[in-house]
Amino acid sequence: TDNKRKYTEIVRHSGNVARVDETSEIIWGVKNDASYHFCDYSKVDIGYDYSVDDYNSERIYNNKYTRMQHGMFLHSETQLLNKRLTLIAGGRYDDISGVGTHVGPRVSAMLAPTTKLKFRGSWGSGFRAPSFTDMYIDYNNVFIGYRVEGNADLMPEKSVGTSFGIEYFWNYLILTNVTVYQNRFQDLILDYVKGPGVLSYKNVDSATFSNIEFQSKLYLLNNLSSTISYNY
């Protein structure tokens, strides 16, 4: 992928160009995976990917940074109880230059006692590496009077998430599901006021996001349906 962006600042009254910043980002890499079916009810996927991200911008320190990432993943799926119970387990290992390593396991299950009723549950951990902007931005807006400075000491965000859901198909006409989520973050990255007229980014010790989602879909005709949902 190759992305290019241009930011142009123009003085409103005169129309003169005050500043032009160009940003380009080129990402290339390879990814491969293999899948093996042991039998009708069990399969495993395993793979590896590698990418290089070259980021050039006049709004960051030194104007250029390169990030390399190695990733390995494993995913297994097993069906039991005459395929009424599906179990999924796996994980991913990442090594990112300038950021560090992370291992993220994940497990989930779905139980379908009948064709109308399903229970779903999952647990897993993940992380988000700080962006080039978070770490290295060096931008001064002289017209409005503020400055944005990156934080090269930022650590990746780490999270642990759980979810549980129930789905029921009323008389095969109304499909209703309710799902509860909770994600707990460590080292969440947020922007903050570093000083008078200076903005930056920092890791927050912890944060918790809780969510409940309701959705109901009514099948009126073969080619007409209506959906109502609520998310809190």
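All of the points below concern the structure found in this document. Owing to the predicted nature of the structure, the values given are computational and were not obtained by experimental measurement.

Overview of the pairing of strand β5 (residues 85-96)
As paired strands, strand β4 (residues 64-80) and β5 are joined by twelve bridges and run antiparallel to one another. Residue Gln-69 lies in a different strand from β5, and its bridge partner there is Ile-96. If you look at the hairpin formed by β4 and β5, you'll find four residues sitting between the two strands, and Leu-81 has a positive phi there, around 50 degrees. Two strands pair when backbone bridges link them, and β5 and strand β6 (residues 100-111) are joined in this way by twelve bridges, in the antiparallel orientation. Bridge pairing in β6 places Ile-88 opposite Ser-108. From the end of β5 to the start of β6, which pair antiparallel, there are three residues, and Gly-98 there has a positive phi angle of about 80 degrees.

Observations concerning the nonpolar core
If you look at the biggest cluster of nonpolar residues, it comprises twelve residues: Tyr-55, Ile-60, Tyr-65, Phe-132, Met-135, Tyr-136, Ile-137, Tyr-139, Val-148, Leu-154, Ile-189 and Tyr-201. When residues of this core are assigned to their parent elements, the largest contribution, three residues, is made by helix α1 (residues 132-136). Filtering out sequence-adjacent residues up to four positions away, Met-135 remains in contact with Arg-67, Gly-98, Pro-130, Gly-150, Asn-151, Ala-152 and Leu-154.

Quick notes on the pattern of salt bridges
In the structure shown here, the tally under the stated rule is eleven salt bridges. The salt bridge involving Arg-92 is made with Asp-49; its shortest N-O contact spans 3.1 Å. Residue Arg-92 is located in strand β5, and its partner Asp-49 is located in strand β3 (residues 42-57); the two are separated by 43 residues in the primary sequence. For Arg-147, the salt bridge goes to Glu-149, with nearest N and O atoms at 3.2 Å. For Glu-149, a relative accessible area of 17% puts it in the buried group.

Things to note about the layout of surface pockets
Computed from the structure, the largest pocket encloses a volume of approximately 410 Å³. Together, 28 residues line the largest pocket, and Ser-122, Thr-162, Ser-163, Thr-179 and Tyr-181 are the ones closest to its centre. Elements with a contribution of two residues or more to the lining of the largest pocket: β6, β7 (117-128), β10 (157-170), β11 (174-195) and β12 (198-221). At nine residues, β10 tops the list of elements feeding residues into the lining of the largest pocket. Tallied by class, the residues present in the lining of the largest pocket amount to nine nonpolar, 15 polar and four charged. As for the second largest pocket, its lining consists of 18 residues, of which Gly-90, Gly-91, Arg-92, Gly-104 and Arg-106 are closest to the centre. By residue class, the composition of the lining of the second largest pocket is seven nonpolar, eight polar and three charged.

Some words on the side chain of Ser-125
As for its position among the elements, Ser-125 is in strand β7. We classify Ser-125 as buried; its relative accessible area is 13%. Excluding residues within four positions of it along the chain, Ser-125 makes contact with His-102, Val-103, Gly-104, Pro-105, Arg-106, Ser-159 and Val-160.

Re unusual backbone geometry
If you check the backbone angles, Asn-171 has positive phi at about 55 degrees while not being a glycine. Structurally, Asn-171 is set in the loop between β10 and β11. Here Asn-171 falls in the exposed class, since its relative accessible area comes to 57%. We note that Asp-187 has phi near 60 degrees; this positive angle belongs to a residue other than glycine. Tracing the backbone through its elements, the reader meets Asp-187 in strand β11. Asp-187 sits in the buried class, given a relative accessible area of 14%.

Details of the packing of aromatic side chains
Applying the stated criterion across every chain yields a total of nine aromatic pairs. With a centroid separation of 4.9 Å and 5 degrees between ring planes, the pair formed by Tyr-55 and Phe-132 is classed as stacked. Placement of Tyr-55 in strand β3 and of Phe-132 in helix α1 is noted, with a sequence separation of 77 residues between them. This pair shows no difference in class: Tyr-55 is buried, exactly as Phe-132 is. With a centroid separation of 5.8 Å and an interplanar angle of 50 degrees, the aromatic rings of Phe-169 and Tyr-219 are classed as tilted. Here the residue Phe-169 occupies a position in strand β10, and Tyr-219 occupies one in strand β12, the gap between them amounting to 50 residues. Owing to a relative accessible area of 19%, Phe-169 belongs among the buried residues under this scheme. Residue Tyr-219 is classed as partly exposed on the basis of its relative accessible area of 32%. Put simply, the rings of Phe-169, Tyr-172 and Tyr-219 touch in pairs and so form one group of aromatic residues.

About the cut-offs
Residues numbered from 1 in each chain as written. Predicted model: local features only at pLDDT ≥ 70, side-chain atom pairs only at ≥ 80, totals over all residues. Heavy atoms only, no water. Pairing = 2+ DSSP bridges. Helix = DSSP H or I, 4+ residues; strand = E, 2+ residues; numbered from the N terminus. Core = buried A, V, L, I, M, F, W, Y, C linked by side-chain atoms within 4.5 Å. Buried < 20%, exposed > 50% of the residue type's maximum accessible area, 1.4 Å probe, protein only. Contact = heavy atoms within 4.5 Å. Salt bridge = Lys/Arg side-chain N within 4 Å of Asp/Glu carboxyl O. 1 Å grid on protein atoms, 1.4 Å probe; cavity = no way out; pocket = protein on both sides within 12 Å on 5 of 7 lines; lining within 4 Å. Points joined across faces, edges and corners; volume = space filled by probe spheres on them. Nonpolar A, V, L, I, M, F, W, Y, C, P; charged D, E, K, R; others polar. Phe/Tyr/Trp six-rings, centres within 6.5 Å; stacked < 30°, edge-to-face > 60°.

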